[in-house]
Every structure is written in C-alpha cells, then in structure tokens.
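Next come the chains, spelled out residue by residue.
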Amino acid sequence: GESVGLHLPTLSVQEGDNSIINCAYSNSASDYFIWYKQESGKGPQFIIDIRSNMDKRQGQRVTVLLNKTVKHLSLQIAATQPGDSAVYFCAEGGPTSGTYKYIFGTGTRLKVLA
Amino acid sequence: SAVISQKPSRDICQRGTSLTIQCQVDSQVTMMFWYRQQPGQSLTLIATANQGSEATYESGFVIDKFPISRPNLTFSTLTVSNMSPEDSSIYLCSVTQGAYYGYTFGSGTRLTVV
C-alpha cells in the first residue's frame, strides 16, 4: 500500500452514512478554502471550494461549511460510498492572504466500512 | 482545468545522486508550484516556479538542494540534489490560473532513496 494517510487521523464510517471531516485553519486573512481528496497512489483532487464571503456551499453529495469566527472548516459527505475512501485535506489561502500559495491542513483518512 | 503530466511516476535512487522531475502542463498556466509530501504527512510547499526567473523558495528549502527551472508557461523541472534517505517523499507539481481557482495537481513522483 501507499504511504499517504498511514499516520493521519482516521474517520471510519459505515457505507451509506454521512461523513463529517473537520479542519481548523490558521490565517484569519485567508479568504479562499478548498477541500482535496487524495486516493492511494494519486495526486490530490479538487472536491469543493468556498470563499470567505460565504458560510456554506453545496456540491454533488458534498457540502462545505465555513465558520470564520472560530476559523473552522468542515466537509460533509452524504451517503458515503466505498469510493469515498481516501485522505482528505483542507487548504487555505487566497489573494488577501498575500499570495496565491495554499497552506494544507494535516489531513484525515476516511475509511468506509461495508 | 489543466492536465498535468509528471515524470517519473516513481524512482529508487542511490544516496548522493540527483533526480530531475518533470512537470508538463497541457495549457499555459500563470503559476506553478512544487510540493513535498513525506510519508503519512500533509503537503509542504517547496517553492513557486517563476517563468523566466529564479524560483521563490519557502523557509527550509534552498536552491542548491532543490534547483527548479521554468523555461516557459507549460513546463517546469525540480531536481532533488545529493539525495539522502530523508528525501524519500512524494513530490508534486501543481498549477493554478490565479485567485480563487485552486490547484490542479500532477499525479506525483514517489521517490525512495536507498
């Protein structure tokens, strides 16, 4: 197996249940946030993003919530499927933080139980 | 979004040698970045690859160890020089078109130094 996710926090969820993955970000000047999914042996893949002028954004089966007061971001996955098993990273950044660089969180490994 | 071809996908190298990783994008992109992902860890930015000028390195990364080239808007290379086992990581190329676009990542280069 690949090394990604070996030492990361793990969330185990029953197939069909909803998953919630949390992330605390560090820079109050960040105005753009992204969730990435990284499957074994692959590069991170964009899932959903949100700008700081919003507190919720929905995609297909995924919802991102942003709480700027406590600098907290969450990713909700509805009806979790085996294909959702991966490592999930949040990233913060945006031009108001000074650059186009993004800072990545520590990551959470999602395991979907059959 | 842009499609990135990163080569090699993996390599096993002897300590003291160097490896050059290539990143080819199928369209012109504004910004290119190189990240390192150590085993079981998140992504750490090495540098921003600037077209036609020297790369901008993050704290803890130096040009002598990680020389970067970016001759045009679609191509960049990262060299890992004088390798030691501590350099064993996944190295990822990423691109963005600017603010609020997020990153697209290559599939990564899995480097093992023995």
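Given the structure is predicted, the values throughout are model-derived calculations rather than measurements.

Caption draft 1: Just the packing of aromatic side chains, in detail. Counted under the stated rule, the structure contains 16 aromatic pairs over all chains. Look at Y32 of chain A and Y100 of chain B: their rings are 5.4 Å apart centre to centre, the planes differ by 85°, and that puts the pair in the edge-to-face class. On the criterion of chain membership, the pair formed by Y32 of chain A in strand β3 (residues 32–38) and Y100 of chain B in the loop between β9 (89–96) and β10 (104–105) is interchain, its members lying in two chains. Ring pairs connect the aromatic residues Y32, Y36, F46, Y102 and F104 of chain A together with F33, Y35, Y100, Y103 and F105 of chain B, which therefore count as one cluster.

Caption draft 2: Representation of the pattern of salt bridges within the structure. Enumeration according to the criterion identifies five salt bridges over all chains in this entry. The closest approach of N and O atoms between E39 of chain A and K42 of chain A, which form a salt bridge, is 3.7 Å. The exposure class assigned to K42 of chain A is partly exposed, which follows from its relative accessible area of 46%. Here K101 of chain A ties to E58 of chain B by a salt bridge, and the two come within 2.8 Å at their closest N and O atoms.

Caption draft 3: Representation of the interface of chain A and chain B. Tallying the contact residues gives 26 residues for chain A and 25 residues for chain B. Approximately 2,000 Å² of surface area, both sides summed, lies buried where chain A meets chain B, with 59% of it carried by carbon and sulfur atoms. Together, Y100, K101 and F104 of chain A form the three largest contributors to the area buried by chain A at its contact with chain B, with a combined 27%. The interface formed by chain A and chain B includes one salt bridge. In this structure, the connection of chain A to chain B is made through 10 residue pairs in polar contact (both at pLDDT 80 or more). Mapped onto the side of chain A that touches chain B, the elements with two or more residues apiece are β3, β4 (45–51) and β9 (102–104) of chain A.

Caption draft 4: Geometry of the side chain of T79 of chain B. Residue and element names in this part refer to chain B. For T79, the position within the fold is in strand β8 (residues 75–80). A residue is classified by how much of its surface remains accessible, and T79, at 15% relative accessible area, is buried. Here the side chain of T79 touches T20 through a polar contact of 2.8 Å, side chain to side chain. When near neighbours in sequence (up to four residues on either side) are disregarded, T79 contacts S18, L19, T20, K65, F66 and P67.

Reading guide: rules and limits
Residues numbered from 1 in each chain as written. Chains lettered and ligands numbered in written order. Predicted model: local features only at pLDDT ≥ 70, side-chain atom pairs only at ≥ 80, totals over all residues. Heavy atoms only, no water. Phe/Tyr/Trp six-rings, centres within 6.5 Å; stacked < 30°, edge-to-face > 60°. Helix = DSSP H or I, 4+ residues; strand = E, 2+ residues; numbered from the N terminus. Salt bridge = Lys/Arg side-chain N within 4 Å of Asp/Glu carboxyl O. Buried < 20%, exposed > 50% of the residue type's maximum accessible area, 1.4 Å probe, protein only. Contact = heavy atoms within 4.5 Å. Buried area = accessible area lost by both parts, 1.4 Å probe. Polar contact = N/O pair within 3.5 Å; in protein donor to acceptor, adjacent residues only side chain to side chain.

Honestly, it's all geometry; don't read function into it.
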